[in-house]
Amino acid sequence: MMRAVVLVGGIGTRLRPLTYSVPKPMLPVGHVSIIERLITNLVGGGVTDVTLALGFKPEPFIEAFPDGTCAGAQLRYAVEPEPLDTAGAIRFAAEAVGIDDTFVVANGDVLTDLDISALVDFHRSHGAEATLHLIAVDDPSAFGVVALDDDGRVRRFVEKPAAGTEPSNLINAGTYVLEASVLGRIPTGRKVSIERSTFPAIVAEGLAYAYATDDYWIDTGMPDLYLAANLDLVSGRRSGQSCVGVHPAASVHPTALVERSVVAAGTCVANDARVVDSVVLAGATIGAGSCLSRSVVMGRIGAGATVHDSVIGADGAVADGEHIAHQRRPDPARP
Ligand code: GDD
Ligand code: MG
């Protein structure tokens, strides 16, 4: 049996207004929730039991998996009384379900084809206390950045370094294998970040290792990346995985044009609308003759409107004939 803790308690600030109504890991990518895709990959790598470390909006997760399983894994829920940050959440969840052996941790917003069993093997063969999956990126400053020795030992871990000061282009890709001893390093009863305090402490003792791969990887936590994750699937850019664009239970008028887009079940796209490089989510209505490009929509788009590079939440609307670009509605910056 291999257990995993998946961190899903963040408030999803950067994906507002979408996350006003749906917690980030419950948002669909290619018609299937991020959490279900993530757990499917964990199960493929040998994970049998998954504990969701919940805080913000736990109910949608519990309702989504009424039989207590997901992708063949037994699901358990640990709901924090208040946000404990990443390390605090891991300790809280692990103790709630009695984890006392090597286990896997995943950030709940990451989609990857990483072979988890290979990460576990690497961890064991190096005698590591913590092993991190790494990915090389062009701009690492928005992530945890790792400097490695030749043998795969982590020499430095620095969370979100100032641009230009990154020690490498290898970032923490948000999947870890941890020994249970890591739990004892995490103080209880307050917020503790695994990236800012626990990993640096393990690195200082020479017990952290990391394993870089070039697997498909995306952190869906920002609108352009959430959009990209969907478009990658619908455009067949992911090996071995794809999705239909228009869900069979969506209502798309025969004169509407849908190109390189994901249109969810239950949505309505009216006559002569154009939907290009976009994601139309449950609850959305797309008005007659409107034009949608590079946008994510949960709300209402009026007739004849044009919407480019925008995010329209469940309570957002674009009026008939209105033309907008680079907007979020409702605007999360406004109280
Ligand atoms: N339960 C719980 N409680 N979960 C939390 C909390 C909390 O207090 N705070 C954050 N999380 C969850 C989020 O829901 C998310 O799934 C995960 O922890 C990571 O938080 P993010 O807010 O998405 O972090 P990030 O994307 O800025 O950075 C993290 O991921 C990067 C890779 O995508 C870090 O781990 C970086 O080091 C890493 O490079
Ligand atoms: Mg993230």
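Placed above this text is the structure.
Notes on the structure in this doc start here. This structure is a prediction, so every number in the text was calculated from the model and none was measured.

Six octahedral donors around a metal ideally sit at 90 or 180 degrees from one another, while four tetrahedral donors ideally sit at 109.5 degrees. Protein coordination of the magnesium ion (ligand 2) is provided by D109 (OD) and D219 (OD), with donor distances spanning 2.1 to 2.4 Å. Here D219 lies in strand 14 (residues 217–219) and D109 lies in the loop between strand 7 (103–107) and strand 8 (110–112), a separation of 110 residues in the sequence. For the residue pair D109 and D219, the accessibility class agrees, reading buried in each case.

Under the definition given, this model contains 14 salt bridges. The closest approach of N and O atoms between R237 and D232, which form a salt bridge, is 3.0 Å. For R237, a relative accessible area of 53% puts it in the exposed group. Residue classification places D232 among the buried residues on the basis of a relative accessible area of 12%. R329 is the salt-bridge partner of E322, the closest N and O atoms lying 2.6 Å from each other.

Another aspect to go through is unusual backbone geometry. Of note, the bond from R16 into P17 is cis; its omega dihedral lies within 30 degrees of zero at 5°. Tracing the backbone shows P17 in the loop between strand 1 (3–7) and helix 1 (18–21). Geometrically, the link from R329 to P330 is a cis peptide bond, its omega value of -10° lying close to zero. In this structure, K160 takes a positive phi of about 45° despite not being glycine. Relative to the helices and strands, K160 is located in the loop between strand 11 (154–159) and strand 12 (170–178). Judged by relative accessible area, K160 falls into the partly exposed class, the value being 40%. Of note in this structure, D272 is not a glycine but carries a positive phi near 65°. Residue D272 is classed as partly exposed on the basis of its relative accessible area of 44%.

What follows deals with the packing of helix 4 (residues 85–97) against helix 6 (residues 194–204). A packed helix pair is summarised by two numbers, namely the angle formed by the two axes and the spacing between the axes. Across the interface, helix 4 lies against helix 6 with an axial gap of 7 Å and an inter-helix angle of 70°. Taken together, the axes of helix 4 and helix 6 are roughly perpendicular relative to one another. Residue-level inspection shows T86, A87 and I90 of helix 4 in contact with helix 6, the latter providing I194, E195 and T198. Across the contact of helix 4 with helix 6, the residue classes tally to three nonpolar, two polar and one charged.

This part is about the sheet that holds strand 17 (residues 262–263). Strand order in the open sheet formed by five strands is 17-20-23-26-29, and the pairing between neighbours is parallel. Looking along the sheet, the strands with just one partner apiece sit at the ends: strand 17 and strand 29 (328–329). As defined by bridge partners, strand 17 adjoins strand 20 (residues 279–280) across two bridges and the pair is classed as parallel. From the neighbouring strand, V263 faces strand 20, where its bridge partner is V280.

Moving on, we get to the sheet that holds strand 24 (residues 300–301). Spatially, 15-18-21-24-27 is the arrangement adopted by the five strands of the open sheet, whose pairing is parallel. Each edge of the sheet is formed by a strand with only one pairing partner; in this case those strands are strand 15 (251–252) and strand 27 (317–318). Sheet analysis places strand 21 (residues 285–286) next to strand 24, joined by two bridges and oriented parallel. Following the sheet pairing, T285 is matched in strand 24 by R300.

Let us look at the nonpolar core. Residues I90, F103, V105, L132, L178 and F199 are the most contacted members of the largest nonpolar core, which totals 32 residues. Within the residue set of this core, elements represented by two or more residues are strand 1, helix 4, strand 7, strand 9 (130–136), strand 11, strand 12, helix 6 and strand 13 (208–212). Looking at which element gives the most residues to this core, the answer is helix 4, with six residues. When near neighbours in sequence (up to four residues on either side) are disregarded, V105 contacts V5, L7, I90, G174, T175, Y176 and L178. Core analysis: the second largest hydrophobic core is formed by 25 residues, I39, L54, A106 and V177 among them.

The rules behind these values
Residues numbered from 1 in each chain as written. Chains lettered and ligands numbered in written order. Predicted model: local features only at pLDDT ≥ 70, side-chain atom pairs only at ≥ 80, totals over all residues. Heavy atoms only, no water. Donors = N, O, S within 2.8 Å, 3.2 Å for Na, K, Ca; no water. Helix = DSSP H or I, 4+ residues; strand = E, 2+ residues; numbered from the N terminus. Buried < 20%, exposed > 50% of the residue type's maximum accessible area, 1.4 Å probe, protein only. Salt bridge = Lys/Arg side-chain N within 4 Å of Asp/Glu carboxyl O. Axes fitted to C-alpha atoms, helices over the stretch in contact; angles between N-to-C directions. Parallel < 35°, antiparallel > 145°, perpendicular 65-115°, else oblique. Contact = heavy atoms within 4.5 Å. Nonpolar A, V, L, I, M, F, W, Y, C, P; charged D, E, K, R; others polar. Pairing = 2+ DSSP bridges. Core = buried A, V, L, I, M, F, W, Y, C linked by side-chain atoms within 4.5 Å.

Functional significance is not addressed by these values, which are geometric in nature.
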